[in-house]
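This is what each chain is made of:
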Amino acid sequence: MACARHLEQNGIYPDIFEKRHRVGERFPNMEAIMHLMHRPIKDSLVYLNNLLDVDLKPAAVVHTVEMHSPNHKAVITGKNLGYSTIRGHDDRSWECQLANTVKAHINFNCAPNYSELEKEYDWVVVATGDSSISRDLGVWTTDLEPFLRGCIIKGDFDPGKIRLWFNQSLSKQGYVYFAPYDSNEASICTAAAPSSPDDIDDLWAKTIDHFGITPEPGSEFKVEEYKIGRVSTRQIRNILLTGNAGGFIEPMMGFGQVPALLSGFYAAQAIVTGADYNQLTNWFNKRYESSLILRKYMHGLDDKAFDRIVLALNNRLSQSIINNSHIIQLAILARMAALRT
Ligand SMILES: Cc1cc2nc3c(=O)[nH]c(=O)nc-3n(C[C@H](O)[C@H](O)[C@H](O)COP(=O)(O)OP(=O)(O)OC[C@H]3O[C@@H](n4cnc5c(N)ncnc54)[C@H](O)[C@@H]3O)c2cc1C
């Protein structure tokens, strides 16, 4: 959608193929973009809105992130720590908001073979949200394969407050996150690296029990082997790989929305200007490496280590560093993590 939007801004009207019957049919869930994850960009939403000349609206401005370890809690507050974003078929979702800005016709229920398209079109932009085409093209390396299970719950919530739990018994080598849609609906999700596919069901059952939640009927989802990885090149002949298909997910927390939208924009820019797509997206490689180091560091942590980290985050110095968006960069954190391992 980001790619189509920028192409259209330059007078190019693409054909869009979507395998599902409507935009955002994946499953409804809440996601987040946190400024800390996207530095040096100060505010990714403002940045993207300017870049694509759109007015994407978040569900809420995040003013509080509550982080829990088994025995401690840190509360990080700030005027604007990031945004919560709705995903899925909801009219407020980012995919639906973006689709409203695109004039090109979307061919639904249509998943054509990329090698056929490659012959028929000048350019093929792959934005399938998975690595299957990149693997088929032989350019993909998987680094992580988390499993995710989540649902929607009803309650009385503060839309600007996101909560995270680092607790091995609920989310092995991962985390549980909670983000409200609005004041009476929220999404909760366990992201973990289980030792077997059944293990994620076990962890999810423990999450439900631990929080005493009742999933809204029909809202539970499960994602198996969500592949996070790298590509050796993002352009193969006239095929450009964007979003998850181009390895644009930060491995540390699994954040991929901002890089996906940026990669779509750069794919369009490469098509419009003839610039090299690999070069335009090179900035992400360094970020990916740093984020992967941090992810691997996190994999080695046990509950006691998370207790120590969460305790440390609760002091005033940590809070002001986190709030000072230009100080921390992933690369610096990665170097610190590498020294500790
Ligand atoms: C449960 C979960 C929670 C997440 N939380 C966060 C978060 O908090 N913050 C964050 O930044 N990121 C998060 N992410 C990652 C983020 O959602 C993705 O990185 C991002 O949406 C990738 O965008 P994309 O455009 O590559 O793919 P998608 O947004 O998945 O879009 C791909 C589209 O292609 C369609 N499609 C698939 N195959 C074909 C085909 N063969 N032909 C035609 N159409 C096809 C799909 O139906 C879909 O509409 C999360 C991911 C999951 C699964």
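Before going into details, it helps to say that this report is about the structure given with it. Just so you know, these numbers come straight off a predicted model, no measurement behind them.

Right, let's talk about the overall build of the chain for a bit. Helix and strand counts for the chain stand at 12 helices and 15 strands. Oriented by its inertia axes, the alpha-carbon framework of the chain measures out at about 60 × 45 × 40 Å. In the chain, which comprises 341 residues, the share counted as buried stands at 42%. For the chain, the share of sequence-separated contacts (at least 6 apart) that also reach a separation of at least 24 residues comes to 73%.

Before going further, it helps to spend a moment on the sheet that holds strand β3 (residues 60-68). Each strand in a sheet pairs with another by means of backbone hydrogen bonds, the pair being arranged parallel or else antiparallel. Spatial strand order, β2-β4-β3-β9-β10-β11-β8-β12: 8 strands in an open sheet with mixed pairing. The open sheet has two edge strands, β2 (29-34) and β12 (221-223), and neither has a second partner. Each strand of the sheet is rotated relative to its neighbour by a mean of 30 degrees, with strand direction disregarded. Each of β8 (147-154), β10 (175-180) and β11 (185-192) is contacted by helix α6 (residues 197-211), which is oriented at about 140 degrees to β11, the strand it contacts most. Sheet strands touched by helix α10 (residues 303-313): β3 and β4 (73-87). Its angle to β4, the strand with the most contacts, is close to 100 degrees.

Moving on to the site of the ligand. Around the ligand, the surrounding shell holds 27 residues, and the nearest of these are Glu31, Ala111, Gly129, Gly243 and Gly256. Those elements giving two or more residues to the shell around the ligand turn out to be β2, β8 and α7 (257-273). Tallying contributions element by element places β2 first for the shell around the ligand, with 4 residues. Tallied by class, residues from the shell around the ligand come to 13 nonpolar, 9 polar and 5 charged.

Calculation rules
Residues numbered from 1 in each chain as written. Predicted model: local features only at pLDDT ≥ 70, side-chain atom pairs only at ≥ 80, totals over all residues. Helix = DSSP H or I, 4+ residues; strand = E, 2+ residues; numbered from the N terminus. Buried ≥ 20, exposed ≤ 12 C-beta atoms within 10 Å, placed from the backbone. Contact = placed C-beta atoms within 7 Å. Pairing = 2+ DSSP bridges. Axes fitted to C-alpha atoms, helices over the stretch in contact; angles between N-to-C directions. Near = placed C-beta within 6 Å. Nonpolar A, V, L, I, M, F, W, Y, C, P; charged D, E, K, R; others polar.

Keep in mind that these numbers describe shape and distance, not what the molecule does.
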